[in-house]
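# Structure assessment
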Amino acid sequence: MPELPEVEIARRSLSRWTVGRTLLEIQCLDELSVLGSARELPGQHFVARRRRGKNLLGRSTGCISLLTHLG
């Protein structure tokens, strides 16, 4: 399990690669881990990446959030 400095490095890297870009496609490897409809994500633009503890939050233009845990 990564520690907080590694999670912060991942957040900064993901911010550089994702903020301001459009999500074209999503592939769910485990449908049980998805809350809501993953079909709403393509076409959304990421506007922010934040860290809350060891969780990474990605916020999009359509008020949709993507929660990621690196565990």
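Since the structure is predicted, the reported quantities are computational estimates derived from the model, not experimental observations.

## What to know about the packing of aromatic side chains
The geometry of an aromatic ring pair is captured by the separation of the ring centres together with the interplanar angle, meaning the angle of the planes. Here the structure, examined in full by the defined rule, presents zero aromatic pairs. It is arginine 49 that lies over the ring of phenylalanine 46; its NZ or CZ is 4.9 Å from the centre.

## Focus on the environment of leucine 24
With respect to the helices and strands, the residue leucine 24 is situated in the loop between helix 1 (4-18) and strand 1 (46-52). For the pair leucine 24 and leucine 35, spaced 11 residues apart in sequence, the C-alpha separation works out to 19 Å.

## Brief notes about the confidence of the model for the chain
With 99% of its residues at a pLDDT of 70 or more, the chain has an overall mean of 84. The least confident element of the chain, judged by mean pLDDT, is strand 3 (residues 65-69) at 82; the most confident is helix 1 at 91.

## Things to note about helix 1
Think of an α-helix as turning once every 3.6 residues; residues three or four places apart then point the same way. Helix length check: helix 1, at 15 residues, gives a terminal C-alpha distance of 20 Å against a target of 21 Å (1.5 Å per residue), a fit within 8%. When we look at burial in helix 1, the residues that qualify are Val7, Glu8, Ala10, Arg11, Ser13, Ser15 and Thr18. Buried residues along helix 1 sit against strand 1 and strand 2 (55-60). Remark: glycine 20 follows helix 1 within two positions and exhibits a positive phi of approximately 90°.

Rules behind the numbers
- Residues numbered from 1 in each chain as written.
- Predicted model: local features only at pLDDT ≥ 70, side-chain atom pairs only at ≥ 80, totals over all residues.
- Heavy atoms only, no water.
- Phe/Tyr/Trp six-rings, centres within 6.5 Å; stacked < 30°, edge-to-face > 60°.
- Lys NZ or Arg CZ within 6 Å of the ring centre and 35° of its normal.
- Helix = DSSP H or I, 4+ residues; strand = E, 2+ residues; numbered from the N terminus.
- pLDDT = per-residue confidence, 0-100.
- Expected span 1.5 Å × (residues − 1).
- Buried < 20%, exposed > 50% of the residue type's maximum accessible area, 1.4 Å probe, protein only.
- Contact = heavy atoms within 4.5 Å.

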